[in-house]
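Results of the structural survey
For reference, the chains in residue letters:
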Amino acid sequence: MKNKKIGFTAFHTAALLDTEIALPEGDGVLVEMEYTVISGGTERSCLMNLRGNMKYPAYLGYCGVGRVLQTGPAVQSVAAGDRVLVYHGHHAKYNLRSEKDITKVENDGIPSLEAAFVIIASMGLGGVRKLEVELGESAMVMGLGLLGIFALQFLRLSGAYPVIAADLNPARRQLALELGADYAFDPAAPDFAEQVKAVTCGKGVRATVEVTGVSRAMKQALQCAAPMGRISLLGCTRVSDCPVDYYSQVHRPGVKLIGAHNFVRPKVESYPHHWTHQDDCKAILALLGAGRIQAAPIISRVVKPEDAPEIYNQLCDDSQFPMGTVFDWRNLQCED
C-alpha cells in the first residue's frame, strides 16, 4: 500500500518521502492520520545529531490522531472507523502500530486537533505523578515547551501552590500565566533563585519538573529546591556541561532526583503515582473533555506535510520555533 511520510534523510535535512506500508496482521492496527505533532526537543536533537549517534534515514512523530482503516484478527479494543491516538508512529499519512500503541478517543466532542496533543501531555503527566505532590506544596516547571506547559496544568490540578513557571521566552511565560501559573520568571535573571524563594516564603520549591534537559537549568532547579525537595527529570539531558555540587545541592539538603523518562512506566496495570501509558491518555482525554485542562491555546500553527523541509530547517535554526506545530494529513493524497 502506498504511503507518504516525513524522513530525516541526513543531518539538518528532512523530506516528504514516497514509501510503502503493509496491511495489518495479528494485533496490528492501520490508521489514516489526521494530525501529528512535532516534538521540538526530541526531533531537533535527532535532526541535529546532538548525541552523535544518529543513523539516517530516521522517522519520528510519536504523537498523533487518526481513524482506524483496518485491524488484524487479534485486535479487540478498536475497529475500523474509530478515532484513535497513535503512540510512536511516524509523521505519515498512514501508520501501522501494535494495538498496545493505540488508544480510542471515546468523546466525539474533543476536536482531533486537540486530541493530537494527548500523548505528549501524558509524558508531562508522568513527570508530575512521580513527584507525589500534596495539596498546598510549592511546585515549579523549568522549561515551557509542550511537556512543560502540560505539566504546569497538571501541577495546578494536583493542588500545588504556588505554581511557578520558568522559561527564557516571554511569550511562553505569558501563556503559562494564562493556563494557571501563579508566577512566571525568566531563568536568565541574575536573581532568579531569589525570586523563586521569595514567593515560597524563603523555603524554596518542594516539587520541580525539569523539562529543559539543559544542565544549567538542572543546576538552577537545585538552587531553588527546598530541603527534602524533589525534582522530576522529565527533560532529556543530552549534554552535561554544567557541573553540580552533589554534596551541597543534593546529598546534604536531602533532595531527591527522580528519573521520569516516559518509558519507565508499568506496562500492564497502573498503581499510585505510576500509571500506564493507556490509562494516562484516557485520563487526559477525560480532563480535556471536561474542560479541566486546555490544549487549544498551545496550538501555534497547522502546516502541510509538503512543507516539511522548510519547517525542519526552522526547527534547527530558529530559537523561536513555534511550540505547537502540527502537520495536517487530511488532504494529502497517496498515489495508487
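Residues numbered from 1 in each chain as written. Predicted model: local features only at pLDDT ≥ 70, side-chain atom pairs only at ≥ 80, totals over all residues. Heavy atoms only, no water.

Counting its regular elements, the protein chain contains 10 helices and 15 strands. Radius of gyration (C-alpha) of the protein chain: 20 Å, near the 20 Å computed for a compact globule of 336 residues. Taking the principal axes of the C-alpha coordinates as reference, the protein chain spans close to 65 × 40 × 35 Å. Counting across all 336 residues of the protein chain, residues that qualify as buried make up 53%. When contacts within the protein chain are restricted to residue pairs at least 6 apart in sequence, those whose partners lie at least 24 apart make up 68%. Surface accessibility of the protein chain: about 15100 Å² in total, with carbon and sulfur atoms responsible for 51%. Charge separation in the protein chain, taken as the distance between the mean sites of 33 positive and 36 negative side-chain charges, equals 5 Å. (Helix = DSSP H or I, 4+ residues; strand = E, 2+ residues; numbered from the N terminus. Rg over C-alpha atoms; globule rule 2.2 N^0.38 Å. Buried < 20%, exposed > 50% of the residue type's maximum accessible area, 1.4 Å probe, protein only. Contact = heavy atoms within 4.5 Å. Areas by Shrake-Rupley, 256 points an atom, 1.4 Å probe, with all protein chains shown as cover. Lys, Arg positive; Asp, Glu negative; His and termini not counted. Charge placed at Lys NZ, Arg CZ, Asp CG, Glu CD.)

Applying the stated criterion across every chain yields a total of 13 salt bridges. Residue D280 pairs with R129 through a salt bridge whose shortest N-O separation is 2.8 Å. With D280 in helix α9 (residues 277-289) and R129 in helix α3 (residues 118-129), this pair connects stretches of sequence that are 151 residues apart. The exposure class of R129 is buried, given its relative accessible area of 18%. The salt bridge partner of D328 is R330, with a shortest N-O separation of 2.8 Å. Judged by relative accessible area, R330 falls into the partly exposed class, the value being 44%. One salt-bridge network, in which partners are shared between bridges, spans R97, K100 and D101. (Salt bridge = Lys/Arg side-chain N within 4 Å of Asp/Glu carboxyl O.)

The subject of this paragraph is the sheet that holds strand β13 (residues 256-259). What the six strands build is an open sheet, ordered β10-β9-β8-β11-β12-β13; its pairing is parallel. The outermost strands of the open sheet, each flanked by one partner alone, are β10 (183-185) and β13. Averaged over all pairs of adjacent strands, the angle between their axes in this sheet comes to 20°, without regard to strand direction. One ladder, built from four bridges, connects strand β8 (residues 139-142) with strand β9 (residues 163-166); its direction is parallel. (Pairing = 2+ DSSP bridges. Axes fitted to C-alpha atoms, helices over the stretch in contact; angles between N-to-C directions.)

The contact between helix α1 (residues 40-47) and helix α10 (residues 308-317) brings their axes to 10 Å, and the two run at 90°. The orientation of α1 relative to α10 falls into the category roughly perpendicular. Here G40, E43, R44 and L47 of α1 come into contact with α10, specifically with Y312, L315 and C316. Classifying every residue of the contact of α1 with α10 by side-chain character gives four nonpolar, one polar and two charged. (Parallel < 35°, antiparallel > 145°, perpendicular 65-115°, else oblique. Nonpolar A, V, L, I, M, F, W, Y, C, P; charged D, E, K, R; others polar.)

For the rest of this paragraph, the subject is a nonpolar patch on the surface. Taken together, the side chains of M1, L23 and L69 present a nonpolar region at the surface, about 250 Å² in accessible area. Structurally, L23 is set in the loop between β2 (13-20) and β3 (28-37). L23 sits in the partly exposed class, given a relative accessible area of 46%. (Patch = residues over 30% accessible without salt bridge, like charges linked within 9 Å, V, L, I, M, F, W, Y side chains within 5 Å.)

With that settled, the discussion passes to the nonpolar core. Core analysis: the largest hydrophobic core is formed by 54 residues, its most contacted members being L85, L155 and V209. By residue number, the principal contributor to this core is helix α4 (residues 146-157), which donates eight residues. Leaving out residues up to four positions away in the same chain, V209 has contacts with G127, V128, L131, M140, V141, M142, A151, L155, S232 and L234. (Core = buried A, V, L, I, M, F, W, Y, C linked by side-chain atoms within 4.5 Å.)

This part is about the pairing of strand β5 (residues 83-87). The side chains of a regular strand alternate between both faces of the sheet. Most of β5 sits inside the fold, with five of its five residues counted as buried. Residues of β5 alternate between two faces, with R83, L85 and Y87 on one and V84 and V86 on the opposite face, all of them buried. Summarising the sheet, strand β4 (residues 63-71) and β5 pair through five bridges and their orientation is antiparallel. Of the residues in β5, the one forming a bridge with R67 is R83. Across three bridges, the pairing between β5 and strand β7 (residues 102-104) is antiparallel. Among the inter-strand pairings, V86 is bridged to a residue of β7, identified as I102.

Across its 13 residues, α9 extends 18 Å between first and last C-alpha, which sits within 8% of the 18 Å expected from 1.5 Å per residue. Every buried residue of α9 is accounted for by H277, D280, C281, I284, L285 and L288. The buried side chains of α9 occupy one side of the element, clustering within an arc of 140° when seen end-on. Among the structural elements, β5, β7, α2 (112-115), α3 and α4 are those in contact with the buried residues of α9. Looking at the residues trailing α9, positive phi occurs at G291, about 75°. (Expected span 1.5 Å × (residues − 1). Arc of directions from axis to C-beta.)

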